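Analysis of the macromolecular model
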Amino acid sequence: MADTTLTRTGVLSTADGRPLKSALARAQSRAKWRAFLLVAPLLLFVLVTFVAPIGQMLFRSVHHDGFSRNMPHLSAWFAANPRGTEPGEAAFAALADDLKAARQNRTAGEIGTRINYDLSGTRSLFTATARSADKLAPPYREALLAENRQWGDPRLWEAMRGASGALTPNFYLSALDLQRSPDGGIERAPPENRVYLMLFERTFLLSGIIMVMTLVLGYPVAHLLAVLPLRTSNLLMILVLLPFWTSLLVRTTSWIVLLQSQGVVNNVLVASGVLTEETRLQMIYNQAGTIIAMTHILLPFMILPLYSVMRPIPPSYVRAARSLGASSWCAFRRIYFPQTIPGIAAGALLVFILAVGYYITPALVGGASGQLISNLIAFHMSKSNWSLAAAIAAILLAAVLVLYWLYDRLIGIDNMKLG
Amino acid sequence: MKRLLILSTALAGLALPAAAQQITVLGWGGAYTVSQVEAYHKPFTAKTGIAVISADSDNPATPIKAQVEAKNVSVDVASVEYADAVRLCDEGLLELIDPAILTPAPDGTAALDDFLPGAVTECFVATDVYSTVLAYDTTKFPNGAPTKLADFFDLEKFPGKRGMRKGAKVNLEMALMADGVPAAEVYSVLATPEGVDRAFAKLGTIKSQIIWWEAGAQPPQLLADGEVTMSIAYNGRIFNAAVGDGKPFDIVWDGQVYELEGWVIPKGAPNLQAALDFVAFSTGTEPLAKAAEWISYGPPRVSSGPLVGKFKDGTTDMAPHLPTTAANLTNALSSDLEFWVDRDGELNERFNAWLAAN
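1. A word on the overall build of chain B
In terms of regular secondary structure, chain B is built from 13 helices and 9 strands. Here the C-alpha radius of gyration of chain B, 20 Å, is about what a compact globule of 358 residues would show, namely 21 Å. For chain B, the spread of C-alpha atoms along the three principal axes comes to 65 × 45 × 35 Å. By the burial criterion, 54% of the 358 residues in chain B qualify as buried. The contacts of chain B with a sequence gap of at least 6 include a subset with a gap of at least 24, amounting to 74%.

This is the structure in structure tokens:
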């Protein structure tokens, strides 16, 4: 530090007469900037690859301008006339104008796709009518109804009204097994089309089961690794890590080879007389397959945090408890177990959140009953209905955040130890 | 094999310093991509010096939307299903292909008259007709094999697990045909709520015995593993397993549902002119016929039919194995594109709900 002098006014200053406080602030701000520049690449990376896509996804889940952007006249009519107005000639004229423009700009498919999300079977109505839109002449109401009677359907007009603004909650309604009634209210989807709520429930249930299974299987293994001499435990650790480093697909398909009804496990059981040819177990392409394969795949995520917490626990604690007369169960329950809770918390949270978002494994081994909600997200992505996929994903994200919050309230996030 | 071909194609591109130009073609992988590499990619490179890089995707239509919307298109030509081509075209995600660039038949017939009806649209040129059929393991039925689609739904006469694709399309049509609906009326029945109920009810009769697959490579594997005794499958995959790998599989052509598949060019393709040249070249009469010698998908050009010779093994005539051969078309259904573009969302939603319910 430079020489400092105490001036007559009582302010500390550096040798060149500047007050020490500002000189220090300047020197520190430079250091802060340098530190920030070191962090900046990561910050930028997180912004670009994480925050922005998630923001975009959330935006997509409530925003679809495929109709409103390409149907300006009709959207304006909806804005000017409140719900309940009978669509008259003015509305049909606006519709005809927009359909003619749609033909020119090749956007009829996009428009129809948007309406088809809310009212099935209408996409071809738009594409077919747009194809012959040039021939439409006033009075447009009669002309369009002559083209196709469906143009008079009140449910169609309700769907178009809903789509006339780019912002819409309809994708969230679909993702919660709800739909719009013809008068604009909200009602439950018909029973044969309800699928999402049930799958959300199943996803959380199966994730919970998998979490418990990994804990039950992983806890003793982590303990063994933690108490063995380092040389032996390192060797065993490789056995834990080797599958961890193997491709997810390879591990999943290995389970198919093992568990299928003509697979290794069934063949061994039949050969040893436990089962007969007729009673071969169906252990894959159902929920059991999903649980078994995902438990195995997620096991390292439980073992590693547990191990990192157990390793530093001195064995003398349990020995001390035993010497003071505790039974082995009591020593475990009151001395050892409480010290491993941070590891259990970390592992459980990690496994649960990973399991909630898994989709390759359930897709390959889950059959019909082992499908999770993420399989439907993937399905809608592949069908180009990104808004619905985004809405389901957003609900999943919200549910996980709520669980995280609950977890923080009940156990405390400070209690978590990842390594 | 496939990787080797991609590698050799890529190396061929490197070995020709003059051929600075190259295009990327996105295909489905497996035997299908092999047929395209042999019949289209290699001859095209030999003729023009433009290297062709072959890439694979589970469904090439899926990345197109993502690439075009992100304005980062790396694919020049993609092989997609007809329905996806129409959908992507309607959404303005594809380049237009002027039918005038297509080569006429050897006898001078204009290209548009030579292709099957609907095989050329403004964004799409068909390369083949593929079919979804009933396939079975011949060793599993010593007392008489299935002969018609309805047998797939007959658990008493033909017990055992069955494989089906996880999705509404084709399954609903087949359920109705097996329930006695003539092929010509399938879509008008399926357009009614009663028809949909009827199809799901028919599927429900065998639901407990179905193993659902997602990728086209799975059904031959399921059959080979003995996991299923019969499966709904793509005819090309079964042919390759049966004739190519000598597996004891056979096909029931009754009730086949056939569809077109072909090239599209994503909007903003980096090498548009070369991509158009490639499309024009590969959909010529001879390359299409040649491709049918590598995989049993029928050529969509009338003039290609007689040119299709023997399979690469040199002994198997291809004609009886193609969906487009007359004998195989006696009770066949052409997949209805408009129907599925309209009803895809609703019927798949119902299918998923039906599937998930126990």
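We are not done yet, so read on.
2. A word on the environment of Gly-204 of chain B
Tracing the backbone shows Gly-204 of chain B in helix α8 (residues 193–204). In this structure the C-alpha to C-alpha distance between Gly-204 of chain B and Pro-60 of chain B, which are 144 residues apart in sequence, comes to 32 Å.

3. Examining the interface of chain A and chain B
One frequently used descriptor of interface size is the decrease in accessible area upon assembly of the parts. In this complex, chain A contributes 33 residues to the contact, which on the side of chain B involves 27 residues. Listed by contribution, the elements that provide at least two residues to the side of chain A that touches chain B are α4 (108–118), α5 (123–131), α9 (196–227) and α17 (373–382) of chain A. Of all the elements, α4 of chain A adds the most residues to the side of chain A that touches chain B, at 6 residues. Residue composition of the side of chain A that touches chain B, by class: 9 nonpolar, 18 polar and 6 charged.

4. Some points on the domain arrangement of chain B
By the assigned domains, chain B splits into domain 1 (2–129 + 260–322) and domain 2 (130–259 + 329–356). For domain 1 of chain B and domain 2 of chain B, the distance between their C-alpha centres works out to 27 Å.

5. Examining the pairing of strand β7 (residues 230–234) of chain B
Residue and element names in this part refer to chain B. With 5 of 5 residues buried, β7 is to be regarded as a mostly interior element. Residues Met-230, Ile-232 and Tyr-234 point to one face of β7 and Ser-231 and Ala-233 to the other, with burial holding for every one of them. Here 5 bridges tie strand β4 (residues 125–137) to β7, and the two strands are oriented antiparallel to one another. Bridge assignment links Tyr-136 to a residue of β7, and that residue is Met-230. As paired elements, strand β5 (residues 162–165) and β7 share 2 bridges and run parallel to each other. Residue pairing across strands places Arg-162 opposite Met-230, the latter belonging to β7.

Here is what the cut-offs are and how they apply
- Residues numbered from 1 in each chain as written.
- Chains lettered and ligands numbered in written order.
- Predicted model: local features only at pLDDT ≥ 70, side-chain atom pairs only at ≥ 80, totals over all residues.
- Helix = DSSP H or I, 4+ residues; strand = E, 2+ residues; numbered from the N terminus.
- Rg over C-alpha atoms; globule rule 2.2 N^0.38 Å.
- Buried ≥ 20, exposed ≤ 12 C-beta atoms within 10 Å, placed from the backbone.
- Contact = placed C-beta atoms within 7 Å.
- Nonpolar A, V, L, I, M, F, W, Y, C, P; charged D, E, K, R; others polar.
- Domains from an automatic or database assignment.
- Pairing = 2+ DSSP bridges.

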